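What the coordinates show
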Amino acid sequence: MILVVDIGNTNIVLGVYEGTELLHHFRISTSRQATSDEYGVMIYNLFRMSGVDADKIEGVMISSVVPPIVGVIEQMCRTYLKKTPLVVGPGIKTGLNLRYENPREIGADRIVNAVAAVELYGGPLVVVDFGTATTFDCIDAQGNYLGGAIVPGIGISTEALYQRASKLPRIELEKPKKVIGRNTVHAMQAGIIYGYAGQVDGIVKRIRQEMDTEPKVVATGGLAPLICAETDSVREVNPMLTLEGLRLIYERNRFAK
Ligand SMILES: Nc1ncnc2c1ncn2[C@@H]1O[C@H](COP(=O)(O)OP(=O)(O)OP(=O)(O)O)[C@@H](O)[C@H]1O
Ligand SMILES: CC(C)(CO)[C@@H](O)C(=O)NCCC(=O)O
Ligand SMILES: [K+]
């Protein structure tokens, strides 16, 4: 069994794989204050609740877009799993040719998503991840990671509305029946949901023109099903894309240590 860990700005998602099968996955909130012992307690409890034997974890693969937390999780793995994890970054083989001006700048989660999407669907591709930020990643048919776009995420945007406008409340993100909202809540829901759906279609349209091809569009992230149901461009939603990518990268680097 292996453990994969996707450290995002909002959530840390963990997956336990046996071969290619995802046996368990867990989502905990990202805490910049938590210590390796505190993360250890969480892992211990999650494993115990789901019957995972920590001694059977052969290796750990981590990706992080929150630099201060990597060391804490690495320490947790050494102490409680007796394993030194691999971390997506320089020296790790991804199989992609990173065509960013400075490849070190690319968020590890974007690289991991791209690796999974290329393996599962084949390029050319656009990967959309609805996380803290919404990211668009473009990969051509030859496995070149071309770059993409970064947009304020749905959570951030929704929060900004109620924090900055006195009369706008906190809302449930549900699809309203109509785009013409006749009360504040419906108006906000319409704006967010149809707005983000339109944003996806609009950015993808421009990417298509710039790539000069018809890429497949694959989406992931907690809110992907809700938004993508309203788009024309998204062909596939895969909520486990990042975990799959981490598993693949582990397989490609397990003997590299
Ligand atoms: N039902 C909802 N209503 C409002 N906001 C939501 C809802 N579900 C998720 N969000 C917000 O959308 C954002 C993305 O959520 P999600 O759980 O997909 O993030 P994530 O993939 O864990 O992000 P990251 O990987 O960046 O940590 C978060 O900021 C979250 O607070
Ligand atoms: C955009 C986020 C925050 C999405 O998680 C992450 O991928 C990140 O911090 N990226 C670094 C900047 C870049 O990818 O160019
Ligand atoms: K994410």
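Residues numbered from 1 in each chain as written. Chains lettered and ligands numbered in written order. Predicted model: local features only at pLDDT ≥ 70, side-chain atom pairs only at ≥ 80, totals over all residues. Heavy atoms only, no water.

**Some details on the side chain of Asn113**
Quick reminder of the rule: Each helix corresponds to a stretch of at least 4 residues labelled H or I by DSSP, and each strand to a stretch of at least 2 residues labelled E; elements are numbered beginning at the N terminus. Whether a residue is buried, partly exposed or exposed follows from its accessible area with a 1.4 Å probe, protein chains only, as a fraction of its type maximum: under 20%, in between, or over 50%, in that order. In protein, a polar contact means a hydrogen-donor-capable atom and an acceptor-capable atom, both N or O and within 3.5 Å, with residues adjacent in sequence counting only if both atoms are side-chain atoms; elsewhere, any N or O pair within 3.5 Å suffices. Contact between two residues is taken to exist if any of their heavy atoms lie within 4.5 Å; hydrogens are not considered.
Of note, Asn113 is situated in helix 3 (residues 108-121). When its relative accessible area of 0% is taken as the criterion, Asn113 is described as buried. Only 2.7 Å separates the side chain of Asn113 from the side chain of Thr242, close enough to count as a polar contact. In this structure, Asn113 is in contact with Val127, Asp129, Thr220, Leu241 and Thr242, ignoring residues within four places of it in sequence.

**Examining the sheet that holds strand 7 (residues 125-130)**
Formally: Each pair of strands is called paired provided DSSP finds at least two bridges between the two strands. Note on method: axes are straight lines fitted to C-alpha atoms, helices fitted across the in-contact stretch only, with angles between N-to-C directions ranging 0 to 180 degrees.
Taken in spatial order, the six strands line up as 6-9-8-7-10-11 in an open sheet, and their pairing is mixed. The sheet is open, and its two edges are formed by strand 6 (97-98) and strand 11 (236-237), each paired on a single side. In the sheet, strand 7 pairs with strand 10 (residues 216-220) via five bridges, with the strands oriented parallel. Across the sheet, the residue bridging to Asp129 is Thr220, located in strand 10. Strands strand 7, strand 8 (133-139), strand 9 (144-152) and strand 10 of the sheet are contacted by helix 5 (residues 184-211), whose axis makes an angle of about 25 degrees with strand 8.

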